[in-house]
Amino acid sequence: MLKKLAFAALAAGALAAVRKRTAAKGEADLWHEATSGPGAVSTPTR
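What comes next concerns the included structure.

Definitions and limits used
- Throughout, a residue's number is its position along its own chain's written sequence, starting from 1.
- In view of the model being predicted, local features appear only for residues whose pLDDT reaches at least 70, and side-chain atom pairs are presented and counted only at 80 or more, with totals across whole chains, interfaces and linings using the full set of residues.
- Where side-chain values are given, they derive from all heavy atoms of the structure, hydrogens and water being excluded.
- For salt bridges, the criterion is a side-chain nitrogen of Lys or Arg within 4 Å of an Asp or Glu carboxyl oxygen.
- The helix count covers DSSP runs of H or I at least four residues long, the strand count covers runs of E at least two residues long, and both are numbered beginning at the N terminus.
- The cut-offs for exposure are 20% and 50% of the maximum accessible area for each residue type, with area from a 1.4 Å probe on protein chains only; residues under the lower value are buried, those over the upper are exposed, and the others partly exposed.

A closer look at the pattern of salt bridges
It is possible for side chains of opposite charge to pair when their charged atoms get near one another.
Turning to step 1, where the next piece is worked out: Summed over the entire model, instances satisfying the criterion amount to 1 salt bridge.
Turning to step 2, where the next piece is worked out: Between K25 and D29 there is a salt bridge, and its shortest N-O distance comes to 3.5 Å. Here K25 pairs with D29, and both are found in helix 1 (residues 2-34), just 4 residues apart, close to one helical turn.
Turning to step 3, where the next piece is worked out: Judged by its relative accessible area of 54%, K25 is exposed.
Turning to step 4, where the next piece is worked out: Given the relative accessible area of 42%, D29 is considered partly exposed.

Spelled out as structure tokens, the structure:
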């Protein structure tokens, strides 16, 4: 029983990490799209 619980916790952690990484990439893509090109809403100051 304890092994199943540990496996479930590990799987949930891995899934959460993948979802967080995917969300961060999507946010970066949106930021790039919004700040580049002639219709950009703002320009990053780097």
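Next, the rest of the story.
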